[in-house]
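# Tertiary structure, described
Next come the chains, spelled out residue by residue.
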Amino acid sequence: MADFAKELVNRLNYLETYRKYWNTHYQELADYMLPEKSDIVRKRSRGEKRSENIFDSTSQLAVDLLSSALHGMLTSGATPWFHLDMKDENIGRDDEVREWLESSSMSMMRAFNRSNFETEVHGMYVDLVVFGTGCMFIEMEDKTLRFSTRHISEFFIQENQFGLVDTVFRKYKSPVRQVIQRFGLDNVTEYIKKKFEQKPDEEVELLHVVLPRMNRNPDKPDNQNMPFASFYIDMETKQFLSIGGFEEFPYVVPRFLKSTGEIMGRSPAMTALADVKMLNLMSKTIIQAAQKQIDPPLLVPDDGFILPVRTQPGGLNFFRSGTRDTISPLNTGANIPIGLNMEQQRREAIRGAFYVDQLLSGTSPNMTATEVVQRQEERMRVIGPVLGRLMNEMLKPLIDRVFSLMLRNEMLAIPPEILQGRDIDIEYVSPLAKVQKSTSLNSTMKALEILLPLSQSLPVGDHLDADGLVRHVTDSLGVPKSVLRTNAEVAEIREQRQQMQEEQMERQQDQEDVNTALQASQAVRMVGGGQGN
């Protein structure tokens, strides 16, 4: 096993070499747009000032805006953003199945809200916007979900044949005391034991490797035969600290955009980097020009004045009596308005790269409902492709991992027997998903506006499924399943209504029979009376 640990370390060395040019790029991005994470190539002390290259905050504000928008549109903690469903719609309509899906969805949302998910996922959105690649580790301890967003300099990834990340090498530092807490004193190397005795707060370097297990026995349920192998290695001694496994890939590694042939993602910050650097240089130059205008250099005659020249308020300067020489400011001829205009052009380009115009294109009180819908559709056409990738590479594996963890730890209700061997689907009900579904809903409502007036002369109702229409509208609007009646309840209400209608028809028929009998008896009496006369 010692040789295998060295093989993994050698593989890490290769991945580090491959990432060399990426890291240089990441360092430059962080220097200008995310200085708190700018220790990639150039390591800095904790707490050290890191904003010496920044003279304009436009890019930082744009990063905050886009990352916050992604957080609010995809995984807002204020409202449910996903719902479990069945791929087989017929099974999904079963009342017992629907109740279990609703209960499981709510249990998962509560687990997300009780964990550190909100804080960690926002950090990953920031990494996606700046670096184009994010990485989050998901685990469970004492039936509590734990999320950890990792620094871009820590992790190295590889893809499988389908372009999905299935291998992560994470090299990181951790205090010795925390290493002992995680692995136990008996399981660590002698080097770490000595460190713990001498300096328990000193950091040691570890390597965590997760990759698909090639040779395993699926019939054995132990962690040595799980689909993904997990190895923790002490980088000082190249010895294993832990050998285990995972049922699902424990890392979520989304990419904002991805170029063909590349593994790491691309980001809006990379697109805007040239403008950001130019804007900071312009700002520095304009600041210097403004300083020269406000506090200009002075032209002082080489004779007739006693140095130094005092320029502070109330300063006294002595000169030779009778001389005509005076101290005058040096006019540099700087055209600051042109510089400000060029700065604004660069700011607009940066905002465009970060979709600021689309995100802040709000509505005005004078806009009609149609204009509001068109504005939303415009926004989705621009941002939709990016968010679609995040749904596939981030949200789906995230929810799958959390669902499996909670199911194995008996934190969800026992599934109905009908679900054995069935695939569960994920329905997104986040604010973004609702906006995307509203396009289909608007088309439906327009069709109804056209067809309903024609129903008096044409058999429009023969073509419409009322139950399907209600399901489509409620699904598009994200109406919680808990406020809708089950199929059994709907069938019972309809049966009661049908029974009441039949009883009413019977009463009407009986009343008509009574009225007919009365009319007949009156006619007989009238005929009998006429004969008597």
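First, a word on what this report is: a plain description of the structure on this page. Just so it is clear, the model here is predicted, and its values are computed rather than measured.

Quick notes on the rules
- Residues numbered from 1 in each chain as written.
- Predicted model: local features only at pLDDT ≥ 70, side-chain atom pairs only at ≥ 80, totals over all residues.
- Heavy atoms only, no water.
- Helix = DSSP H or I, 4+ residues; strand = E, 2+ residues; numbered from the N terminus.
- Contact = heavy atoms within 4.5 Å.
- Areas by Shrake-Rupley, 256 points an atom, 1.4 Å probe, with all protein chains shown as cover.
- Lys, Arg positive; Asp, Glu negative; His and termini not counted.
- Charge placed at Lys NZ, Arg CZ, Asp CG, Glu CD.
- Salt bridge = Lys/Arg side-chain N within 4 Å of Asp/Glu carboxyl O.
- Pairing = 2+ DSSP bridges.

## Here we look at the overall build of the protein chain
The helix and strand inventory of the protein chain stands at 15 helices and twelve strands. Dimensions of the protein chain along its principal axes, counting C-alpha atoms only, are 155 × 80 × 40 Å. Put simply, 70% of the contacts in the protein chain that link residues at least 6 apart link residues at least 24 apart. Carbon and sulfur atoms provide 51% of the accessible area of the protein chain, an area that totals close to 31,100 Å². Charge-centre separation for the protein chain: the mean point of 62 positive side chains lies 8 Å from the mean point of 74 negative side chains.

## Observations concerning the pattern of salt bridges
Under the defined criterion, the tally for this structure stands at 25 salt bridges. Of the charged contacts in the structure, one is a salt bridge between Glu 52 and Arg 44, with a shortest N-O distance of 3.2 Å. Of the charged contacts, one joins Lys 258 and Glu 159 as a salt bridge, the two residues approaching to 3.5 Å between their closest N and O atoms. A residue pair is termed long-range when its members are at least 10 positions apart, and Lys 258 in the loop between β9 (251–252) and α9 (268–294) and Glu 159 in strand β4 (residues 155–159) qualify at 99 residues.

## Structural notes on the sheet that holds β9
Pairing is antiparallel across the open sheet formed by three strands, whose spatial order is β3-β2-β9. Single-partner strands in this sheet number two, and they are β3 (144–149) and β9. Taken together, the six bridges between strand β2 (residues 136–141) and β3 define a ladder with antiparallel strand orientation. In the sheet register, Phe 137 faces β3, and the bridge partner there is Ser 148.

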